[in-house]
Amino acid sequence: MTGPLKDHVALVTGGTRGAGRGMAVELGAAGATVYVTGRTTRESRSPLDRPETIEETAELVTEAGGRGIPVRCDHMVPADVRALVRRIEEEQGGRLDVLVDDTWGGDQWVEWKPLWEHDLENGLRALRNGLETHLITLHTVLPLLVRRGRGLVVEITDGDDMFNDRYRGSMFFDMVKVAITRLGKMLHDELAPHGVTSLSLTPGFLRSEEVLEHFGVTEESWRDGIAKDKWFAISETPRYIGRAVAALATDPEVARWSGKALSSGVLAKHYGFTDLDGSQPEASRFFEEVYFGDKKDAPVEDYR
């Protein structure tokens, strides 16, 4: 393995698909050894019943130039996470440089209706899937970073501060996404004294596998989806946020971002990376000025 992250070890939770897969692959492209966790393997699927597997993601990491290690782990189960940590301790001598905390899996439980009409058990399941998993993971994994006195923790959410200042349409969804952003900020106070940087990071309009299916397109034909939703024109691949994470992980001054709520588009402008097509989607600025703002007729090209 070669690259700026050669000899570095990363853990990407929820790495089966979507942003998790994109971030794992880009860390691999930078030369890292990447532990990829999730619940769907080639032998069994998670309740989401999607076909993507952690083995596939790990293979893509290795093909990109790193070393992918798939580990089935249900981050709702503390014993599973403890076993994961023991494995990293045994195989890497306890070294962990980057923790990308990306568990979610709550879409199936979210109902877009008022709180009193939302099925309570479904809402609590979404809360547990989206937030408890992060807390369990952090509680169990952070000692690896603290003991070394260095490292990076990236809490993956949906929406930056500008976007999430508005109600997200479902109280349980809103609570999870805002809470994860808050985690990135709170962890700064706990981790900075130990040399560890923490932050939260969001993609823009993500073209995940499920989103592509929803629009009836492939990655190659994604622009056909704009006819269904004009805002799809600002969308980005999962590799874009992956390149954001890789840029952070290779930045010797990454502590400058500690406690911040960041987006893939903002970091692309700062570090100079692009999406796979060479563009730099600025979803945050686009939504602020066009979707929520008064520039309804502004060309999307001005934001890519």
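Located above this text is the structure these notes cover.
None of these values were measured; they are calculated from a predicted model.

Next up on the list: the pairing of strand β1 (residues 9-12). Taking every second residue as pointing to the same face, both faces of β1 are buried, with V9 and L11 on one and A10 and V12 on the other. Looking at chain direction, β1 and strand β2 (residues 33-38) are connected through four bridges and run parallel. When the sheet's bridge partners are listed, A10 is paired in β2 with V34. Looking at chain direction, β1 and strand β4 (residues 98-101) are connected through three bridges and run parallel. Along β4, the bridge assignment pairs V12 with V100.

A word on the side chain of E236. Locating E236 in the fold gives a position in the loop between α7 (209-215) and α8 (238-249). Put simply, E236 is tucked away with no salt bridge, and the nearest opposite charge, on R304, sits 7.2 Å away. Not counting chain neighbours up to four residues away, the residues in contact with E236 comprise P203, G204, F205, L206, R207, S264, D275, P281 and A283.

Another aspect to go through is helix α4 (residues 120-148). Given a rise of 1.5 Å per residue, 29 residues ought to cover 42 Å, and the 42 Å separating the end C-alpha atoms of α4 matches this to within 8%. Along its length, α4 shows its largest kink, about 40°, at V141, and proline P143 lies within four residues downstream of that point. Where α4 begins, the capping side chain belongs to D119, and its oxygen is found 3.2 Å from the backbone nitrogen of E121.

For the structure shown, the criterion picks out 27 salt bridges. Of the charged contacts in the structure, one is a salt bridge between D251 and R256, with a shortest N-O distance of 3.0 Å. Residue classification places D251 among the buried residues on the basis of a relative accessible area of 10%. A residue is classified by how much of its surface remains accessible, and R256, at 39% relative accessible area, is partly exposed. Connected through shared salt-bridge partners, K269, E282, R285, E289 and K295 make up one network.

Once that is clear, we can look at the packing of α4 against helix α6 (residues 171-191). Orientation of α4 relative to α6, taken along the N-to-C sense of each, is 15°, at an axis distance of 10 Å. As far as their axial angle goes, α6 and α4 are roughly parallel. The hand of the α4/α6 crossing is right-handed. Across from L120, G123, L124, A126, L127, G130, L131, H134, L135, L138, L142 and V146 in α4, the residues of α6 making contact are F172, M175, V176, A179, I180, L183, L187 and L191. Classifying every residue of the contact of α4 with α6 gives 17 nonpolar, three polar and no charged.

Parameters and conventions
- Residues numbered from 1 in each chain as written.
- Predicted model: local features only at pLDDT ≥ 70, side-chain atom pairs only at ≥ 80, totals over all residues.
- Heavy atoms only, no water.
- Buried < 20%, exposed > 50% of the residue type's maximum accessible area, 1.4 Å probe, protein only.
- Helix = DSSP H or I, 4+ residues; strand = E, 2+ residues; numbered from the N terminus.
- Pairing = 2+ DSSP bridges.
- Lys, Arg positive; Asp, Glu negative; His and termini not counted.
- Salt bridge = Lys/Arg side-chain N within 4 Å of Asp/Glu carboxyl O.
- Contact = heavy atoms within 4.5 Å.
- Expected span 1.5 Å × (residues − 1).
- Bend = angle between axes of the 7 residues up to and from the residue.
- Polar contact = N/O pair within 3.5 Å; in protein donor to acceptor, adjacent residues only side chain to side chain.
- Axes fitted to C-alpha atoms, helices over the stretch in contact; angles between N-to-C directions.
- Parallel < 35°, antiparallel > 145°, perpendicular 65-115°, else oblique.
- Left-handed = near helix turned anticlockwise from the far one by under 90°.
- Nonpolar A, V, L, I, M, F, W, Y, C, P; charged D, E, K, R; others polar.

Worth remembering: the numbers are spatial, not functional.
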